[in-house]
Amino acid sequence: VKIAISYTCRLKCEMCAISFPYQSSIFKDRKYLLPEELNKLSPWIEKASQVVFCGEGETMDSPYVFKFLKMLKDKNTSLVTSGLAINSEKVKSLVQLKLNVLHFSFDGKTSVGHGGGKDKYIRNFWKRVENTQKIKKNLNSNIPVLGLYITVNAENINTLDDLFETAYQHDVM
């Protein structure tokens, strides 16, 4: 089951189908899924083989993400993030809460994707990935396994081999 837990995003990517380039939140009066709302999904979660947190925005913007993971500690969990909101403390918490898979959403060098294809954004993205791997190693943890969530478009389709090679070098697969 895929659960959107955040309805905000500050990236303003042109490719966004949710309209974040024009507004910072989908709803005027709501920014996040609330814990009591997650409880309403318990029949779905109970039967699910995997629970995926993927915001209709930046998942890590939710102030409840760690509470949700704690609530689902016995489930196979994964989370999709742009990586922008990832820092060392959050990575440590994800490891401690036994998140199974952390997907970094990144489209490579494309003007319509995360960071608008800017070199600085791309360098910082890979630094966040490297930092995540370093923290996992320091904590002697194999999880979360890192994955790359890519939206293929006309600009990046011819550079996917390079993106694949870079991801492989960073142990993101």
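For the structure itself, look to the data block above.
To keep things clear, this report deals only with the structure shown in the data block.

1. Remarks on the nonpolar core
Right, on to step 1. Judged by nonpolar contacts, the single largest core of 36 residues is most densely connected at Ile-3, Phe-53 and Trp-126.
Right, on to step 2. Of all the elements in the fold, those that place two or more residues in this core are strand E2 (51–54), helix H3 (65–71), helix H4 (88–96), strand E4 (101–105), helix H5 (119–138) and helix H6 (160–169).
Right, on to step 3. In terms of residue count, the dominant contributor to this core is H5 (six residues).
Right, on to step 4. Here Trp-126 is in contact with Phe-106, Leu-148, Leu-163, Thr-166, Ala-167, His-170 and Val-172, once residues within four sequence places are set aside.

2. Thoughts on the pattern of salt bridges
Right, on to step 1. Considering all chains together, one arrives at two salt bridges under this definition.
Right, on to step 2. The salt bridge involving Lys-109 is made with Asp-119; its shortest N-O contact spans 2.9 Å. Of this pair, Lys-109 sits in the loop between E4 and H5 while Asp-119 is found in helix H5, placing the two residues 10 residues apart along the sequence.

3. Quick look at the pairing of E4
Right, on to step 1. For E4, the buried fraction is high: four of the five residues fall into the buried class.
Right, on to step 2. Sheet analysis places strand E3 (residues 77–81) next to E4, joined by four bridges and oriented parallel. Within the sheet, the bridge partner assigned to Ser-78 lies in E4 and is Val-101.
Right, on to step 3. Handedness of the β-α-β unit built from E3, H4 and E4 comes out right-handed.
Right, on to step 4. Bridge count between E4 and strand E5 (residues 145–149): five bridges; the pairing is parallel. In the sheet register, Val-101 faces E5, and the bridge partner there is Val-145.
Right, on to step 5. This β-α-β element, E4 to H5 to E5, shows right-handed connectivity.

Basis of the calculations
Residue numbers here run from 1 along each chain, matching the order of that chain's written sequence. Confidence filtering applies because this is a predicted model: local features only for residues at pLDDT of at least 70, side-chain atom pairs given and counted only at 80 or more, and all residues used for totals across whole chains, interfaces and linings. Note that water and hydrogens are dropped before the side-chain values are worked out from all heavy atoms of the structure. Grouping buried Ala, Val, Leu, Ile, Met, Phe, Trp, Tyr and Cys residues that are joined through side-chain atoms within 4.5 Å yields what is termed a nonpolar core. Exposure is judged per residue with a 1.4 Å probe applied to protein chains only, and the accessible area is read against the type maximum: over 50% gives exposed, under 20% gives buried, and values in between give partly exposed. Every helix listed is a DSSP run of H or I at least four residues long, and every strand listed is a run of E at least two residues long, numbered separately from the N terminus. A contact between two residues is defined here by any heavy atoms of the two lying within 4.5 Å. Think of a salt bridge as a Lys or Arg side-chain nitrogen and an Asp or Glu carboxyl oxygen that are within 4 Å of each other. Note: two strands are recorded as paired if DSSP finds a minimum of 2 bridges between them. Look down the strands so they point away from you; if going from the first strand over the helix to the second traces a clockwise path, that crossover is right-handed.

So far we have only geometry, and geometry alone does not tell us how the molecule works.
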